[in-house]
Every structure is written in C-alpha cells, then in structure tokens.
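Below are the chains, spelled out letter by letter.
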Amino acid sequence: MNTFKVSVQETSNNTIVKFELNQFITKHQSFEFNNIDEAKASPLAQQLFYLPFVKKVYISGNFVAVERYDIVEWNDVQDEVAEQIEGYLNDGGIVIEEASSVTKKVPVTVYAESTPNPSVMKFVTNKKIVTTLFEFTSIDEAKLSPLATELFHFPFVKSVFIDENYVSITKYDIAEWQDITVQVREFIKHYIENGKEVVLPNAAETLQKTTTQVDDHFETLDDTSKEIINILEEYVKPAVASDGGNIQFISYDENTKNVSVMLQGACSGCPSSTYTLKSGIENMLKEMLPGKIDMVEAING
C-alpha cells in the first residue's frame, strides 16, 4: 500500500492552510464542514474538529484545507496537524463514509480544446485528476493508469498524456477528430463522474515522480542544470502546458554545452515544435545563461 505523505501549503488567507497529499482522498468530489455535527459523514473531519482551534474543514481531491480560529497561529500548530492527518490516513482512517459520498456526487465538465499538433486533442476537466503529469505511449506502459488503459481500447488512440486537469490524446491517422471528439469527451466525463481511478495510488512513486523524489534528484544536479530547469519551469512549461504538452529536462553536457530535453503530449511530434525549440527555447537559454549553452536538442516522448 502506498504511504500517504502530507505537505503544508500556505494560502492567500492567513487563517486557512492546505494540507496537500501525494494521492487523492476523494473521488473527484468536494466537501465542506462548518462544525463537528456537520462532519458526521467524515471521520477525518470529525477528528480535526477535536482540535479547539479548528473552525472549518474543506476536503477535496488531494488536500484538506483547515480554517482556524484566532486563538493560535498556524506556524505554531501546522506541523502537528500535518502529522495527525498523515498518521490518521496511514492507519487506514476513513475520509468520507461511502454512503455520503454517493449522495454528494458532483457532475464533471469536460471540454475539448484543439492544440498546435493536429494529431492531438486536449480534454480539459473542471476537476483536478492527477497530482503530477504522466505520459503513456502504449497499453503496456499504461498499467499504472486505469483511465489510460481504457482509452487505449479505442483503436485510434496512439498515446495518452495526463496532467493536473486535462488529458491530451494523440490519435492515429485512421480517424479524424471531427468524428471521434464527442465520443472521447463523453467517455472521459463519465469515467471521472463515476469516481474511477485515473492513476493508481502508487503511480507517482513507482515512476519517481513524487515531489520528494523530484526534489532529491534536483539536488544531485550541477548548478547549470538547476538553472536550466528553473528557466524551463518558469518561462516554458506554462506555455506548453496550455497547448496540452510538456517539456522535460534530460541532461546538460558541460563540455559540449548541449542541452537535451524531452517533448511530451501535444509537443511530441508537433510540426511546430522544432521551430519553437530553436527560435524560442534555445535562444532564451543562450540569452539567460550566456556562454553556457550551445545547442538544445529534443527527443519525443
């Protein structure tokens, strides 16, 4: 069984703290409780209300948000609350009673969005469906994702890319998007609405994608590699994510000054990706890291 891990996230409201988990604890549903009586459906929320400073509990997706009374400051108690949530879940504690979960089922909205890659369509949901990105290029690779596995049963699906709130699908040429978009959109919508698992709880850990694993790997890199990753994260990834794709740093060679990256999702095999890579990313890195970058080369995910 995958171990629950909690990280503390501040919010714009200083009375509210988010306790973010490394896996989902609700089936794409949200619950808000204002007191211990309202929280009968949630043993986890009831446990939290035993803390005298807890004013409100909000549970959704992969986090628990708690609002406090002014009798304490979060800096003094947030670590203990995080430990309590983590311990409760790892001891097999129930988040939401199953019967209550059914009655609070929330409809899911999914819309299709075209991408610069004519072979790829992006299906965007109004729910967070994964905690990190995943790409599967075959049904064999998709064993960690029940959703991707089912999508590969459509004969026209070539690859599946899943990020925080969307699924990008690459098709084979045997089908046109105008003929299959509605079918795929409805399938994804009903799949999520029915509370089915998008990825298995241990998927991120198995693929070395948890926040801790990524941070640990980052610390092993040289300073230039770290600078490259930070530039890609801040200036490049948001743009390619909006197009349904991702760019991932692979390596940096100090001797040749070459950078290797991987293009994923809609960016993989996109006709415009080579131009974007050369005119955009390569020039940006050369300008921001003068004398350290000679060439950027990409492989498709």
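Rules used throughout
Residues numbered from 1 in each chain as written. Predicted model: local features only at pLDDT ≥ 70, side-chain atom pairs only at ≥ 80, totals over all residues. Heavy atoms only, no water. UniProt positions renumbered as here; feature names shortened; annotations may be inferred. Helix = DSSP H or I, 4+ residues; strand = E, 2+ residues; numbered from the N terminus. Salt bridge = Lys/Arg side-chain N within 4 Å of Asp/Glu carboxyl O. Buried < 20%, exposed > 50% of the residue type's maximum accessible area, 1.4 Å probe, protein only. Pairing = 2+ DSSP bridges. Axes fitted to C-alpha atoms, helices over the stretch in contact; angles between N-to-C directions. Contact = heavy atoms within 4.5 Å. Polar contact = N/O pair within 3.5 Å; in protein donor to acceptor, adjacent residues only side chain to side chain. Core = buried A, V, L, I, M, F, W, Y, C linked by side-chain atoms within 4.5 Å. Expected span 1.5 Å × (residues − 1). Bend = angle between axes of the 7 residues up to and from the residue. 1 Å grid on protein atoms, 1.4 Å probe; cavity = no way out; pocket = protein on both sides within 12 Å on 5 of 7 lines; lining within 4 Å. Points joined across faces, edges and corners; volume = space filled by probe spheres on them. Nonpolar A, V, L, I, M, F, W, Y, C, P; charged D, E, K, R; others polar.

Asker: So what exactly am I meant to see when it comes to the UniProt feature "domain: Scaffold protein Nfu/NifU N-terminal" (unreviewed entry) in the chain here?
Answerer: Taking the numbering used here, the UniProt-annotated feature "domain: Scaffold protein Nfu/NifU N-terminal" (unreviewed entry) corresponds to residues 6-92 and 110-195. Helix and strand shares over residues 6-92 are 28% and 32% respectively, and the end C-alpha atoms of the span are 15 Å apart. With 27% helix and 31% strand, the stretch residues 110-195 has end C-alpha atoms that lie 15 Å from each other.

Asker: Any chance you could explain the pattern of salt bridges here in plain terms?
Answerer: Side chains that differ in charge, positive against negative, can pair when their charged atoms come close. Scanning all chains against the criterion turns up 10 salt bridges. Its salt-bridge partner being Lys 189, residue Glu 193 comes within 3.1 Å of it at the nearest N-O pair. Here Glu 193 pairs with Lys 189, and both are found in helix 5 (residues 177-193), just four residues apart, close to one helical turn. Across this residue pair, the class does not change: Glu 193 and Lys 189 are buried. Notably, a salt bridge pairs Lys 292 with Glu 227, separated by 3.1 Å at the nearest N-O pair. Of this pair, Lys 292 sits in the loop between helix 9 (273-288) and strand 13 (295-300) while Glu 227 sits in helix 8 (residues 223-242), and the two are 65 residues apart along the sequence. The class of Glu 227 is partly exposed, set by a relative accessible area of 32%. Residues participating in the shared-partner salt-bridge network are Arg 68, Asp 70 and Glu 73.

Asker: Can you help me understand the sheet that holds strand 9 (residues 157-163) in this one?
Answerer: Sheets are built from strands that pair by backbone hydrogen bonding, the pairs being arranged parallel or antiparallel. Here five strands make up an open sheet; going across it, the order is 6-7-10-9-8 and the pairing antiparallel. Taken across any chain shown, the strands that pair with only one partner, and hence form the sheet edges, are strand 6 (110-114) and strand 8 (134-136). Averaged over all pairs of adjacent strands, the angle between strand axes in this sheet comes to 20 degrees, irrespective of strand direction. Sheet topology places strand 7 (residues 120-125) next to strand 10 (residues 166-171); five bridges connect them, and they run antiparallel.

Asker: Sorry if this is basic, but what is going on with the environment of Thr 109 here?
Answerer: Assignment of secondary structure puts Thr 109 in the loop between helix 3 (98-103) and strand 6. On the basis of relative accessibility, which here comes to 45%, the residue Thr 109 falls in the partly exposed class. Between the alpha carbons of Thr 109 and Arg 185 there is a distance of 9.5 Å; along the sequence they are 76 residues apart. When neighbours within four sequence positions are excluded, Thr 109 is seen to be in contact with Val 124, Thr 125 and Asn 126.

Asker: Which parts of the structure should I look at to understand the side chain of Thr 181?
Answerer: Examined against the element boundaries, Thr 181 turns out to sit in helix 5. A distance of 2.6 Å separates the side chain of Thr 181 from the backbone oxygen of Trp 177, its partner in a polar contact. Excluding residues that lie within four positions of it along the chain, Thr 181 makes contacts with Ala 112, Met 121 and Phe 123.

Asker: I would appreciate a short explanation of the nonpolar core in the present structure.
Answerer: Among soluble globular proteins, nonpolar side chains are generally buried collectively. Among the nonpolar cores identified, the biggest contains 32 residues, and Phe 123, Leu 151, Val 160, Ile 162, Val 167, Ile 169 and Ile 188 are the most heavily contacted of them. Mapped onto this core, the elements with two or more residues apiece are strand 7, strand 8, helix 4 (146-151), strand 9, strand 10, helix 5 and helix 6 (203-206). Non-local contacts of Ile 169, meaning those with residues more than four positions away in its chain, are made with Ser 119, Val 120, Met 121, Phe 123, Leu 151, Val 157, Ser 159, Trp 177, Val 184 and Ile 188. Ranked by size, the runner-up nonpolar core spans 30 residues in total, among them Phe 19, Phe 33, Leu 51 and Ala 82.

Asker: Sorry, what's going on with helix 8 here?
Answerer: An α-helical segment advances 3.6 residues per turn. Residues three or four places apart therefore align on the same side. For helix 8, spanning 20 residues, the distance from its first C-alpha to its last is 28 Å, which sits close to the expected 28 Å at 1.5 Å a residue. Along its length, helix 8 shows its largest kink, about 50 degrees, at Val 236, and proline Pro 238 lies within four residues downstream of that point. Listed in full, the buried residues belonging to helix 8 are Thr 224, Ser 225, Lys 226, Ile 228, Ile 229, Ile 231, Leu 232, Val 236 and Val 240. Capping the start of helix 8 is the job of one residue whose side-chain oxygen sits 3.1 Å from the backbone nitrogen of Thr 224: Asp 222. The positive-phi residue at the C-terminal boundary of helix 8 is Gly 244, with phi of around 85 degrees.

Asker: How should the layout of surface pockets be read in this particular structure?
Answerer: Empty space left among the atoms is revealed by rolling a probe the size of a water molecule over them. In this structure, the second largest pocket occupies an estimated 710 Å³ of space. Lining the second largest pocket are 33 residues, with Phe 24, Ile 25, Thr 26, Lys 27 and Glu 197 positioned closest to its centre. Those elements that place two or more of their residues in the lining of the second largest pocket are helix 3 and helix 6. Of the residues contributing to the lining of the second largest pocket, the split by class is 18 nonpolar, 11 polar and four charged.

Asker: Quick question: what am I supposed to make of the side chain of Ser 168 here?
Answerer: Note on placement: Ser 168 falls in strand 10. In contact with Ser 168, not counting residues within four places along its chain, are Val 120, Met 121, Lys 122, Ser 159, Val 160, Phe 161 and Gly 244.

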